[in-house]
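Here is how the chains run, residue by residue.
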Amino acid sequence: MYLSDAEIRAILIKEKKRKRRRKRIIRRITALVVLILALILAIGLIANRDAFHSPFVGRGVIFLDAGHGGGDPGSQAMKHVEKDDTLKLTLAVKKELEDLGFKVYLSRDDDSDIDRAARGEMANEKNAKLMISFHRNKSPNGDGEGVEVWIPSSNSKECQTLGQNILDALVAQGFYGRGVHPGTLTDPNEDYYENSTPTMPSCIAE
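Residues numbered from 1 in each chain as written. Predicted model: local features only at pLDDT ≥ 70, side-chain atom pairs only at ≥ 80, totals over all residues. Heavy atoms only, no water.

Participant: Any details on the environment of S202? Residues and values, ideally.
Facilitator: For S202, the position within the fold is in strand β8 (residues 202-205). Classification of S202 by relative accessible area gives buried; the value is 1%. Sequence separation between S202 and P152 is 50 residues; the distance between their C-alpha atoms is 7.2 Å. Once residues lying within four places of it in the same chain are set aside, the contact partners of S202 are M131, I151, P152, C159, L162 and N195. A distance of 2.8 Å separates polar atoms of two side chains, one belonging to S202 and the other to N195. (Helix = DSSP H or I, 4+ residues; strand = E, 2+ residues; numbered from the N terminus. Buried < 20%, exposed > 50% of the residue type's maximum accessible area, 1.4 Å probe, protein only. Contact = heavy atoms within 4.5 Å. Polar contact = N/O pair within 3.5 Å; in protein donor to acceptor, adjacent residues only side chain to side chain.)

Participant: Help me get a handle on the side chain of S75, residues and values and all.
Facilitator: The residue S75 is located in the loop between β1 (61-66) and β2 (76-77) in this model. Exposure remark for S75: the relative accessible area of 12% places this residue in the buried category. For S75, the side chain forms a polar contact with the main-chain oxygen of R136, separated by 2.8 Å.

Participant: With reference to specific residues and values, describe a negative patch on the surface.
Facilitator: A surface patch of like charges, here negative, comprises D113, D115, E121 and E125. Tracing the chain through its elements places D113 in the loop between β4 (103-106) and α3 (116-125). Relative accessible area serves as the criterion here: at 57%, D113 is assigned to the exposed category. (Patch = residues over 30% accessible without salt bridge, like charges linked within 9 Å, V, L, I, M, F, W, Y side chains within 5 Å. Areas by Shrake-Rupley, 256 points an atom, 1.4 Å probe, with all protein chains shown as cover. Salt bridge = Lys/Arg side-chain N within 4 Å of Asp/Glu carboxyl O. Lys, Arg positive; Asp, Glu negative; His and termini not counted. Charge placed at Lys NZ, Arg CZ, Asp CG, Glu CD.)

Pasting the structure below:
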C-alpha cells in the first residue's frame, strides 16, 4: 500500500500535534506539582516566624479560591472559560495537598456565584494560614504569556514570601515570570477584592 505525499504529510502533522499535546499535559502536571511544593515551602517559612495555632501543626490550614464562578465567567478565549479552568486547577491542588496531610478549604467546589470580597472572609472563618486565589488572564494582543502574582497593597514580608515562592518555582519550570506585584494593576495602594479581607498571607496567582 502506497501513501500519497498529502497522506504522509497529514500523518506527520497529526503526530506532531500529538507530541505537542503530550508536552503540554506534562508541563501542566509539572507546574501543578511545583506549585504545591512552593505552597508547602511558603507555609514552612511562615510557620517558622509564627507557629500555627491549629491541630495541623507542621502542615496547616490552606484556603484555595477558584476565581469567578456562576454568572461571572471571567476571561474567555479559545473555547476556555476562566471560571472552569480555575475550578479544575483548584480541585487538583486541593487533592494533592490533602494527600500530603494539609487541611484544605475551598471558596467553591462547583459553579457557584460567590461575592469576591466574601472569599477572604470565608478564609478568615476557617482560620486558614494561607489563602491563594487562582485566576487566568487573557491578552487581546497575544503578549500575556506567563505567570504573575498579586499580593495585598500592605506588601508584607509574609505575602512577598508566598508570592515569590510560587512565582520562582514556576519560572524554574520554564514559565515566563511577570513578577510579584502589590495592589492592583492600576493602583499599588488598592487591593483586589480577594486580597482585601484575608487576615492571613494571601495572593492571587494569574
